[in-house]
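Here is what each chain is made of, one letter per residue.
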Amino acid sequence: MKRNPTEFLREEYNYLKENSLEWKLRVLEGPSAPRCVVDGKPVIMMCSNNYLNLSNHPKIIQASIDATRELGAGSGSVRPIAGNMKIHEEVEKAVADFKGTESSLVYQTGFAANSGLIPQLAGKGDIIISDSLNHGSIIDGVRLSPADRGTDEHQDIGQLEDVLRESDKKGYKKILVITDGVFSMDGDVAQADKIVALCEEYGAMSYFDDAHGEGVLGPKGEGIAAHFGIQGKIDVEIGTFSKAYGVVGGMVAGSEDLTKYAYNKSRTWLLSGSAPPGVAAAQLAAVQVLDQEPEHHKTLWENTDYFKKELISMGFDTNNSVTPITPVMCGESKTAKEMSDGLYEHGVFALPIVFPMVAQGKARIRTIMNAGLTRQDLDDALNAFEKVGKSLKII
Ligand SMILES: Cc1ncc(COP(=O)(O)O)c(C=O)c1O
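Residues numbered from 1 in each chain as written. Predicted model: local features only at pLDDT ≥ 70, side-chain atom pairs only at ≥ 80, totals over all residues.

K.L.:
Explain the overall build of the protein here, please?
P.N.:
Each helix and strand in the protein was counted, giving 14 helices and 13 strands. Considering only C-alpha atoms, the protein reaches an extent of 60 × 55 × 55 Å along its principal axes. Relative to its 395 residues, the protein shows a buried fraction of 49%. Sequence separation of at least 24 residues holds for 70% of the intrachain contacts in the protein that already meet a minimum separation of 6. (Helix = DSSP H or I, 4+ residues; strand = E, 2+ residues; numbered from the N terminus. Buried ≥ 20, exposed ≤ 12 C-beta atoms within 10 Å, placed from the backbone. Contact = placed C-beta atoms within 7 Å.)

K.L.:
So what exactly am I meant to see when it comes to the pairing of strand 5 (residues 148–152) here?
P.N.:
Successive residues of a regular strand alternate their side chains across the two faces of the sheet. Pairing analysis gives five bridges linking strand 4 (residues 127–131) to strand 5, with the strands arranged parallel. Its bridge partner lying in strand 5, Ile127 is registered against Asp148. Read from strand 4 through helix 5 (residues 136–143) to strand 5, the crossover connection turns out right-handed. (Pairing = 2+ DSSP bridges. Right-handed = clockwise from strand over helix to strand, strands pointing away.)

K.L.:
Explanation requested: the domain arrangement of the protein in the structure shown.
P.N.:
Where interface size is quoted, it is often the accessible area lost as the parts come together. We note that the domain assignment places domain 1 (7–56 + 294–391) and domain 2 (95–263) within the protein. Between domain 1 and domain 2, the C-alpha centre-to-centre distance is 27 Å. On the side of domain 2, 17 residues touch domain 1, which itself brings 22 residues to the contact. Elements supplying a minimum of two residues to the side of domain 1 that touches domain 2: helix 12 (295–314) and strand 10 (325–331). (Domains from an automatic or database assignment.)

K.L.:
Even after reading the chapter, I still don't get helix 1 (residues 7–18), so can you show me in this structure?
P.N.:
Structurally, the α-helix is built with 3.6 residues per turn, so residues lying three or four positions apart point the same way. Over its twelve residues, helix 1 runs 17 Å from end to end, which matches the ideal 16 Å to within 8%, given 1.5 Å per residue. Among the twelve residues that make up helix 1, zero are buried, leaving the element largely open to the surroundings. (Expected span 1.5 Å × (residues − 1).)

K.L.:
Got a minute to help me understand unusual backbone geometry in this structure?
P.N.:
For residues besides glycine, phi is generally negative; the peptide bonds are generally trans as well. Following Phe355, the chain continues into Pro356 via a peptide bond in cis, with omega recorded as 10°. Structurally, the position occupied by Pro356 is in the loop between strand 12 (352–353) and strand 13 (363–368). Unlike most non-glycine residues, Asn319 shows phi in positive territory, near 55°. Here Asn319 shows up in the loop between helix 12 and strand 10. Even without being glycine, Lys393 reaches a positive phi, approximately 60°.

K.L.:
So what exactly am I meant to see when it comes to the nonpolar core here?
P.N.:
It is characteristic of soluble globular proteins that their nonpolar side chains tend to be buried jointly. Val252 and Ala286 are the most contacted members of the largest nonpolar core, which has 107 residues in total. Element by element, the count of residues in this core is highest for helix 11 (residues 277–292), at ten residues. Of the residues that make up this core, three or more belong to each of domain 1 (7–56 + 294–391) and domain 2 (95–263). (Core = buried A, V, L, I, M, F, W, Y, C linked by C-beta atoms within 7 Å.)

K.L.:
Would you mind showing me how to read the packing of helix 12 against helix 14 (residues 375–391) here?
P.N.:
Two quantities define a packed helix pair, namely the angle between the helix axes and the distance between the axes. Where helix 12 contacts helix 14, the axes come no closer than 11 Å and their chain directions differ by 25°. Taken together, the axes of helix 12 and helix 14 are roughly parallel relative to one another. At the point where helix 12 passes helix 14, the crossing takes the right-handed sense. Note on element contacts: helix 14 touches helix 12 through Leu378, Leu382, Phe385, Glu386 and Gly389, opposite Asn303, Tyr306, Phe307, Glu310, Leu311 and Met314. Here the residues of the contact of helix 12 with helix 14 are counted per class, giving seven nonpolar, two polar and two charged. (Axes fitted to C-alpha atoms, helices over the stretch in contact; angles between N-to-C directions. Parallel < 35°, antiparallel > 145°, perpendicular 65-115°, else oblique. Left-handed = near helix turned anticlockwise from the far one by under 90°. Nonpolar A, V, L, I, M, F, W, Y, C, P; charged D, E, K, R; others polar.)

K.L.:
What am I meant to see in the sheet that holds strand 1 (residues 35–38) here?
P.N.:
For sheets, the rule is that strands pair by backbone hydrogen bonds, running either parallel or antiparallel. Sheet architecture is open: three strands sit in the order 1-2-11, paired in mixed fashion. Bordering the open sheet on either side are strand 1 and strand 11 (348–349), each of which pairs with just one other strand. With four bridges connecting them, strand 1 and strand 2 (residues 41–45) associate as antiparallel partners. When the sheet's bridge partners are listed, Val38 is paired in strand 2 with Lys41. Against the sheet, helix 14 makes contact with strand 1, strand 2 and strand 11, and its axis sits at roughly 100° relative to strand 2, the strand it touches most.

K.L.:
Help me out: how do you make sense of the packing of helix 2 (residues 58–71) against helix 11 in this one?
P.N.:
It is the contact of helix 2 with helix 11, at a shortest axis distance of 7 Å, that shows an interaxial angle of 150°. Seen from above, helix 2 lies across helix 11 with right-handed handedness. The residues of helix 11 that touch helix 2, namely those facing Lys59, Ile60, Ala63, Ser64, Asp66, Ala67, Thr68 and Leu71, are Pro277, Gly278, Ala280, Ala281, Ala282, Leu284, Ala285, Ala286 and Val289. Split by residue class, the contact of helix 2 with helix 11 holds twelve nonpolar, three polar and two charged.

K.L.:
I keep staring at the sheet that holds strand 13 and nothing clicks. Help me out?
P.N.:
The antiparallel open sheet is built from three strands, whose spatial order is 10-13-12. Pairing within the sheet leaves two strands with one partner each, and these edge strands are strand 10 and strand 12. Pairing of strand 10 with strand 13, which is carried by six bridges, proceeds in the antiparallel orientation. When the sheet's bridge partners are listed, Thr326 is paired in strand 13 with Thr367.

K.L.:
Whenever I open this one, helix 5 confuses me. Can you help?
P.N.:
If you check which residues of helix 5 are buried, you get Ser137, Ile138, Gly141 and Val142. Seen along its axis, helix 5 keeps its buried residues to an arc of 140°; they face one direction. Opposite the buried face of helix 5, at more than 90 degrees from it, the exposed residues are Gly136 and Arg143. Tucked inside the fold, the buried residues of helix 5 contact helix 4 (110–121), strand 4, strand 5, strand 6 (175–180) and strand 7 (205–209). (Arc of directions from axis to C-beta.)

K.L.:
When you look at the environment of Tyr306 in this model, what are you seeing that I'm missing?
P.N.:
Following the sequence through the fold, Tyr306 ends up in helix 12. Distance from Tyr306 to His296, taken between C-alpha atoms, is 15 Å for residues ten residues apart in sequence.

Given below as structure tokens:
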């Protein structure tokens, strides 16, 4: 029988649908704002990564408009050929200055940074040790490398040391230790000081993906190194402009040796068009806003502390979160989905995270705080959590 080459598409989609595993896309009508409209309903936004509400900041919007008018809609090329604009280099200088690193390099996305750089940092004869809850873009980057793999259990420093000792004994040429800075499903923070100390002891390279820490951790949002007071000690810091910076784009920060190596070697960087001027200008303006307007960062943390404290006092389990990502544990996937539907009915938009994204029995509503939410917004959201939580017997 002649094969049908595309039959699997519908079959697989139907499987996902029957098992409630497919993504149902919601439509945001208007900007990603703290109070916004989703599928026609006004809601309090509690699941965007726009932590500081910078996507709506007038200076950032204006910078993007001005650069588009002046420099055009696109850069015309990949950076190594004809698409390296002055504004791209200005962003990199600003990021390095803000974070206190020697150098930085902007990628098209954080995903492109991880998937393009990791396979260039470790190859045959090397080993990559990766936290078991690392982000999918790290997992894909690791898969693109022929290096051996040693997984360490989530945040288990003792086990990390065992794997490092073992790897050192085996005589690998290079050892690369990779971890998220802030873990996106739980909101816990990697023990960067201990990890870096272990890497120094065993001659391993430290690699932190700080996508959820950029703009959030550190006195002004400089990231995880500033949070732990270990600036200059992390070998590779990855970040994104798509979350707290309110724009889009990825970044790597570290030594000049690192960034020169990275742009000469990462195929995702070399072979993919550079950011349009409007995007680069918005990135630059976002760094400047972070540096000059500490109030957004301050409000984000005030909102986070208030919301977390109130949830806990109502009896919700927020797991071990210490950041603006606060999971509200629900147990089974079905309960988390009902909780999300109930919240939406009560005007709160917060999505469920269910198996297989998290372990069975650990389904949750993942809330993400926003600096643009007022105390009244937070109280309205908390009211909804209390009502729906009680009706589902979560509290
Ligand atoms: C830990 C982590 N790394 C990388 C990324 C990818 O970032 P970007 O949106 O810039 O591709 C994300 C986004 O979900 C993330 O959470």
